[in-house]
Amino acid sequence: MYSRTIVDETFQLKAQGLTDREIAARCGVSIYAVRHWRYGRRRNPETEARRADRTMYCPKCSDGKLNHEAYAYLLGAYLGDGHITLGRRDVYVLWIHYDNKYPQLISYCTAAMEAVFPIKSFKAKRPGSVAIKGASKHWPCIFPQHGPGHKHSRSIVLEPWQQEIADEQSEALIRGFIHSDGCRAINRIPKRRPDGGATHYEYPRYHFTNTSTDIIEIFTRALDRLGIAWKIGCVKLRALSPFRW
């Protein structure tokens, strides 16, 4: 591994107009190393500073701070229709699935994921849907509900610190649930006018479906906290406030 001094020198020489071959000869390194540092985006100062930050952003492993509103939304989205897989080099990947007919919801989730951890999320398109993905070694730290098997086949209980955030940011939590694994419909009720004519009134109705009774309990507890009426089969939600991140 070459020193930071040598790497910085290659960037300085490139700024002076030298070719990659001339830089390699002057610094005593291979031309492939020079090109990798610059085009591979692994050793330039900006990227290396960002990589160093990745050891400090986790609130469990270090003193990183979570954006509570973004985390509550992402927690709801993860419990609703997300999962975590283990990739290469012990790096975990968080997947959140959305219908590709709703680009605004996809933007919400992307913004939340990147507000929780300083990562660059990316999208994997599927027929009729899109998976928003983000890689980090620390997803299990903030989503301790991760484990083998489907979520409905095991106990899903929030840790005390998670419950505090869920209580504080109940609207964001509910929004994450609805956006990832719910739907919105217009309920129309027939109404007869005094003159005998027919009319109707309508209101939005939200539905959330999940086979885990533990997840349903987390969802309905947040509804109760906000005084939102619900019953098995439907949930009537008032308008939720906009995001602040």
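Where an unreviewed UniProt entry is consulted, the protein appears under the name Transcriptional regulator, with the organism given as Nocardiopsis exhalans.

Bringing the nonpolar core into the picture now. Among the nonpolar cores identified, the biggest contains 46 residues, and Tyr98, Trp139 and Phe143 are the most heavily contacted of them. When near neighbours in sequence (up to four residues on either side) are disregarded, phenylalanine 143 contacts Tyr71, Leu74, Leu75, Tyr78, Ile84, Leu94 and Gln162. Formed by 11 residues, the second largest nonpolar core is a distinct cluster that contains Val7, Ala33, Val34 and Trp37.

As a further point, take the packing of aromatic side chains. Enumeration according to the criterion identifies nine aromatic pairs in this entry. A connected cluster of aromatic rings, assembled from ring pairs, spans Tyr57, Tyr71, Tyr78, Phe117, Trp139, Phe143 and Trp161. Lying across the ring of tyrosine 78, lysine 151 places its NZ or CZ 5.1 Å from the centre.

Right, let's get into helix α1 (residues 4-15). Taking 1.5 Å of rise per residue, the 12 residues of α1 would be expected to cover 16 Å, and the 17 Å separating its terminal C-alpha atoms lies within 8% of that figure. Of all the residues in α1, the buried ones are Val7, Thr10 and Leu13. Along the axis of α1, the buried residues cluster in a sector spanning 125°; they form a single face. What points out from α1, more than 90 degrees from its buried face, is the exposed set Thr5, Gln12 and Ala15. Glycine 17 sits one or two residues past α1 and shows a positive phi near 100°.

Our focus in this paragraph is the sheet that holds strand β4 (residues 129-136). Taken together, the four strands give an open sheet; going across it, the order is β1-β2-β4-β3, and neighbouring strands pair in antiparallel fashion. Edge positions in the open sheet fall to β1 (82-86) and β3 (122-126), since each of these has one partner strand only. Each adjacent strand pair in this sheet contributes to an overall mean axis angle of 30°, direction not counted. Here five bridges tie β3 to β4, and the two strands are oriented antiparallel to one another. Considered in β4, the bridge of lysine 125 is made with valine 130. The strands that helix α5 (residues 68-81) touches are β1 and β2 (92-99); relative to β2, the one it contacts most, it runs at about 80°.

Since one α-helical turn is 3.6 residues long, residues separated by three or four positions face the same way. Its 14 residues give α5 an end-to-end C-alpha distance of 20 Å, which sits within 8% of 20 Å, the value for a rise of 1.5 Å per residue. Among the residues of α5, those classed as buried are Glu69, Ala70, Tyr71, Ala72, Tyr73, Leu74, Leu75, Gly76, Ala77, Tyr78, Leu79 and Gly80. Structurally, the start of α5 carries an N-cap: the backbone nitrogen of glutamate 69 is 3.2 Å from a side-chain oxygen of asparagine 67.

Tallied over the entire structure, the rule returns five salt bridges. A salt bridge links arginine 225 to aspartate 167, with the shortest nitrogen-to-oxygen separation between them at 2.5 Å. Taken together, the positions of arginine 225 in helix α10 (residues 213-225) and aspartate 167 in helix α8 (residues 160-168) put the pair 58 residues apart, joining distant regions of the chain. Accessibility expressed as a relative area gives 29% for arginine 225, which makes it partly exposed. A relative accessible area of 31% means that aspartate 167 is categorised as partly exposed. Residue arginine 188 pairs with glutamate 202 through a salt bridge whose shortest N-O separation is 3.1 Å. With arginine 188 in strand β5 (residues 182-192) and glutamate 202 in strand β6 (residues 198-208), this residue pair connects regions lying 14 residues apart in the sequence. According to the relative accessible area criterion, glutamate 202 is partly exposed, its value standing at 43%. Taken together, the shared-partner salt bridges connect Lys14, Asp20 and Arg35 into one network.

Cut-off values and rules
- Residues numbered from 1 in each chain as written.
- Predicted model: local features only at pLDDT ≥ 70, side-chain atom pairs only at ≥ 80, totals over all residues.
- Heavy atoms only, no water.
- Core = buried A, V, L, I, M, F, W, Y, C linked by side-chain atoms within 4.5 Å.
- Buried < 20%, exposed > 50% of the residue type's maximum accessible area, 1.4 Å probe, protein only.
- Contact = heavy atoms within 4.5 Å.
- Phe/Tyr/Trp six-rings, centres within 6.5 Å; stacked < 30°, edge-to-face > 60°.
- Lys NZ or Arg CZ within 6 Å of the ring centre and 35° of its normal.
- Helix = DSSP H or I, 4+ residues; strand = E, 2+ residues; numbered from the N terminus.
- Expected span 1.5 Å × (residues − 1).
- Arc of directions from axis to C-beta.
- Pairing = 2+ DSSP bridges.
- Axes fitted to C-alpha atoms, helices over the stretch in contact; angles between N-to-C directions.
- Polar contact = N/O pair within 3.5 Å; in protein donor to acceptor, adjacent residues only side chain to side chain.
- Salt bridge = Lys/Arg side-chain N within 4 Å of Asp/Glu carboxyl O.

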